[in-house]
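Observations on the three-dimensional arrangement
Each chain is listed here by its residues.
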Amino acid sequence: MHKNLLKLLFPSLCYGCNELLLNNEKIICSSCIHHLPYTHHHLLEQNDTLNKFYGIVDLEFAYSMLYFHKEGIVQNLIHQLKYKGKQEIGTFLGLNYAPSLQHLKEKYRIDEIIPVPLHPKRLKERNYNQVETFCISLSNELSIPYNDTLLFRNEYSKTQTKKNKIERQTKGKNLFEVRNSTESNGKHFLLIDDVITTGATIEACTKALLKIPNAKVSVITLAYTQS
């Protein structure tokens, strides 16, 4: 009775389209799930995400789960996840994507999942890293350890959403470092970020990780910005 009253007063809305969710729907409505713009990068040796870094950094593989379009479902989901504290979206997407990535355990030896880190000041402001729940879901489903302490951001910067491509690339080069440990030598790291735009943040993180002797890096993101 109390649950029904709460649902009446505070109805559950889809994070993709803001419409009412049916009783059997959670997080995202059936229509939005059906219309999610999957990239299917995991089925392609060459894809948009990997090609973004061609000749810039060496990656074992790179996938994005979804295509990002302005004013689309994915933009709504990322906005809710990143700025509104709806971390359950990351969990939902991670659980949804993990079955498509089961082949990684056979094709590649991945040692650790690494999130693109926030600066401690930004983390304190937001209280969470927007990719954390996505990472943890993949970690649990793929049985790959999650490590959010190896890579860190050493400089606080304002949001990059209004910066142009050159500003982002210049700013991103020296923002990240790794905590030196011989235990990390020779490991294959799976770097996770939310959205690829210029690729500057992932480039900077990858270069930092590749300073570890004999390290390998691969990349997965929630979304790829498609022009």
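Read on for an overview of the structure. (Residues numbered from 1 in each chain as written. Predicted model: local features only at pLDDT ≥ 70, side-chain atom pairs only at ≥ 80, totals over all residues. Heavy atoms only, no water.)

1. Considerations on the pattern of salt bridges
For side chains of opposite charge, pairing can occur when their charged atoms come near one another. Per the stated rule, a full pass over the model turns up six salt bridges. For Lys82, the salt bridge is made with Asp194, and the minimal N-O distance between the two is 3.5 Å. Taken together, the residues Lys82 in helix H4 (residues 73-83) and Asp194 in strand E5 (residues 188-196) connect sequence positions 112 residues apart. The pair Lys82 / Asp194 is uniform in exposure class, with both members buried. The salt bridge partner of Lys207 is Glu203, with a shortest N-O separation of 2.8 Å. Linking Lys207 with Glu203, this pair stays in helix H10 (residues 200-209), spanning four residues, or about one helical turn. (Salt bridge = Lys/Arg side-chain N within 4 Å of Asp/Glu carboxyl O. Helix = DSSP H or I, 4+ residues; strand = E, 2+ residues; numbered from the N terminus. Buried < 20%, exposed > 50% of the residue type's maximum accessible area, 1.4 Å probe, protein only.)

2. What to know about the pairing of strand E1 (residues 62-68)
Counting buried residues along E1, seven of its seven residues qualify, which places the element largely inside the surrounding structure. Where E1 meets strand E6 (residues 216-225), six bridges bridge the pair, whose relative direction is parallel. Residue Leu66 lies in a different strand from E6, and its bridge partner there is Ala223. (Pairing = 2+ DSSP bridges.)

3. As for the side chain of Gln130
The residue Gln130 is located in the loop between helix H7 (120-126) and helix H8 (132-142) in this model. Within the structure, the side chain of Gln130 is placed 2.7 Å from the side chain of Arg126, a separation counted as a polar contact. Among the polar contacts listed, one links the side chain of Gln130 to the side chain of Asp194, at a separation of 3.0 Å. Discounting residues that sit within four places of it in the chain, Gln130 has contacts with Leu81, Lys82, Leu118 and Asp194. (Polar contact = N/O pair within 3.5 Å; in protein donor to acceptor, adjacent residues only side chain to side chain. Contact = heavy atoms within 4.5 Å.)

4. Here's the deal with H8
Side chains that are three or four residues apart share a direction in an α-helix, a result of its 3.6 residues per turn. Every buried residue of H8 is accounted for by Thr133, Phe134, Cys135, Ser137, Leu138, Ser139 and Leu142. With its phi angle positive at about 55 degrees, Ser143 sits one or two positions after the end of H8.

5. Some words on the nonpolar core
Ranked by size, the top nonpolar core spans 40 residues in total, and within it Phe134, Ile192 and Ile220 carry the most contacts. Of all elements in the fold, only E1, H4, helix H5 (88-97), H8, E5 and E6 reach the threshold of two or more residues within this core. A per-element tally of this core places H4 first, with five residues. Sequence-distant contacts of Phe134, defined by excluding residues within four places in its chain, comprise Met65, Gly90, Thr91, Leu93, Gly94, Tyr97, Ile192, Ile220 and Leu222. In terms of nonpolar packing, the next biggest core, distinct from the first, is built from 26 residues, Leu175, Phe189, Ile202 and Ala215 among them. (Core = buried A, V, L, I, M, F, W, Y, C linked by side-chain atoms within 4.5 Å.)

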